[in-house]
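Listed below are the residues making up each chain.
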Amino acid sequence: MTPDQTAEALQRVRAAVADRVVGQDAVIDEALAAVLARGHVLLEGVPGVAKTLLVRTLAAALGARFGRIQFTPDLMPSDITGVSVLRSASGEFEFHPGPIFTDLLLADEINRAPAKTQAALLEAMQERQTTVDGRVHPLGPLFTVFATQNPVEYEGTYPLPEAQLDRFMVKVRVPYPALAAELEMLERHEQGRDPEREMGARIEPVLDAATLERLRAAPDAVRVAPEVRGYIAAIVRATRDDPAFTLGGSPRASVALFRLTRAAAVLAGRDFATPDDVKSFAPAVLRHRVMLSPELEVEGRSADDALTELLARVPAPQ
């Protein structure tokens, strides 16, 4: 497929998702770019901003299988990966796969489960396989985790450890919609279009699994000039030296930003990356990998504030 054909197919996916998820265009772009770059996504937003609807609709539009796990304090690792059950007739163990065996997995409220259960996803996210009773079970090539967490609900939650956070390519903030979008939602409700009722309705897939796999190969052909690669490295390395952060981005962050930059170019219909591609996706790649200094936290600053200032200081290639 040519760059224009690839971008046109992805635009149709974007339009299908935006038809149901109103007022979250930037969120849809970041999520779609992460899927294209074969990365996992951490969605953060208050309840009621369509995080679940976004993932379910995206899976349907991509023609991918969808699975959901509701994380709770009593959830066990075997509830995610599956269990080996002894068959009385043969005396042999038979593996019963868990809900992790899907394409797009929604790990809903992931920070409500303890670290032991969260860790069950580490191998799956890194190697796209899971080990149960010493046997390795491969996951599909499209396997992607979309995890959600609510920033305001701290009671009964377990903070995600840095090792877990680093496995997510991006952390996407899902904000409140703009006034115009919220008014459009109310108008749709008046017309009888309720997303909660429509959630179970069939969405015609825009792509199929084979086409999606071909599209995910498109970023590998995107040219990234040495100056743009240097810009990526300069941004990530700057987070390690900036006094605003007590923890900077890891080398995995540099690779993630490189891959997402290529995916951004594909979404734009180009076969080359630009500094703007890097700058526009850098906050999503870095906000969950850096740790803000205590002084700035006391001042009420956020990681996004500090990253915005950092991006303004790091010179972009012309």
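What you see is a predicted model; the values in this text were computed from it and never measured.

Asks: Give me the lowdown on the pattern of salt bridges, citing residues and values where you can.
Replies: The tally for this structure, following the rule as stated, stands at 19 salt bridges. In this structure, Arg188 and Asp19 form a salt bridge, with 4.0 Å as the shortest nitrogen-oxygen distance. Of this pair, Arg188 sits in helix α8 (residues 179–190) while Asp19 sits in helix α1 (residues 3–20), and the two are 169 residues apart along the sequence. Take Arg188: its relative accessible area is 14%, and that puts it in the buried class. On the basis of relative accessible area, Asp19 is assigned to the partly exposed category, the value being 38%.

Asks: Explain the pairing of strand β5 (residues 104–108) residue by residue, including any values.
Replies: Within β5, 5 of the 5 residues are buried, leaving the element largely enclosed by the surrounding structure. Neither face of β5 is left uncovered, since the one carrying Leu104, Leu106 and Asp108 and the one carrying Leu105 and Ala107 both have all their residues buried. The pairing of strand β2 (residues 66–70) with β5 spans 5 bridges and is parallel. Looking at β5, one finds that Ile69 is bridged to Ala107. Note that β5 and strand β8 (residues 144–149) share 4 bridges and pair parallel. Bridge assignment links Leu105 to a residue of β8, and that residue is Val145.

Asks: Summarise unusual backbone geometry; cite the residues concerned and give the values.
Replies: Within the chain, Ala50 stands out as a residue other than glycine whose phi angle is a positive 75°. In this structure, Ala50 sits in the loop between β1 (41–44) and α3 (51–62). By relative accessible area, Ala50 is classed as partly exposed at 27%. Even without being a glycine, Glu109 presents a positive backbone phi close to 55°. You can see Glu109 is positioned in the loop between β5 and α5 (115–118).

Asks: Would you mind going over helix α6 (residues 120–127) in detail, with residue names and values included?
Replies: Inspection of α6 places Ala120, Leu121, Ala124 and Met125 among the buried residues, and these make up the whole buried set. Buried positions in α6, seen along its axis, are confined to an arc of 100° and lie on one side of it. For α6, the elements touching its buried residues are α4 (77–81), β5, α5, β6 (129–132), β8 and α7 (162–165). Immediately downstream of α6, the backbone of Arg128 shows phi near 55°, a positive value.

Asks: I'd like a rundown of the side chain of Glu44, residues and numbers included.
Replies: Mapped onto the elements of the fold, Glu44 is located in strand β1. Glu44 sits in the buried class, given a relative accessible area of 11%. Every residue in contact with Glu44, bar those within four places of it in the chain, is listed here: Lys51, Gln149, Pro151, Lys171, Val172, Arg173 and Val174.

Asks: I'd like to hear about the nonpolar core, residue by residue, with values.
Replies: One finds Leu58, Leu62, Phe146, Val170 and Leu260 to be the most contacted residues of the largest nonpolar core, which totals 71 residues. With 9 residues, the top contributor of residues to this core is helix α12 (residues 251–267). Those residues in contact with Leu62, other than ones at most four positions away along the chain, are Val13, Leu32, Val35, Leu207, Asp208, Ala209 and Leu212. Core analysis: the next-biggest nonpolar cluster, separate from the first, contains 21 residues, Ile80, Ala124, Met125 and Phe168 among them.

Calculation rules
Position numbers for residues count from 1 along each chain, tracking the sequence in the order it is written. It should be noted that, the model being predicted, local features are given only for residues of pLDDT at least 70 and side-chain atom pairs only at 80 or more, the latter also being counted only at that level, while totals for whole chains, interfaces and linings use all residues. Note: side-chain values were computed over all heavy atoms of the structure, leaving out hydrogens and water. The term salt bridge refers to a side-chain nitrogen of Lys or Arg lying within 4 Å of a carboxyl oxygen of Asp or Glu. Labels follow the DSSP assignment, with helices taken as runs of H or I lasting at least four residues and strands as runs of E lasting at least two, numbered in each case from the N terminus. A 1.4 Å probe rolled over the protein chains alone gives each residue an accessible area, and that area as a share of the maximum for its type sets the label: buried under 20%, exposed over 50%, partly exposed in between. Whether two strands pair comes down to DSSP finding at least two bridges between them. The directions considered for the arc run from the helix axis to the C-beta atoms. In what follows, residue pairs with any heavy atoms lying within 4.5 Å of each other are defined as contacts. Only buried Ala, Val, Leu, Ile, Met, Phe, Trp, Tyr and Cys residues count toward a nonpolar core, and they belong to the same one when joined by side-chain atoms within 4.5 Å.

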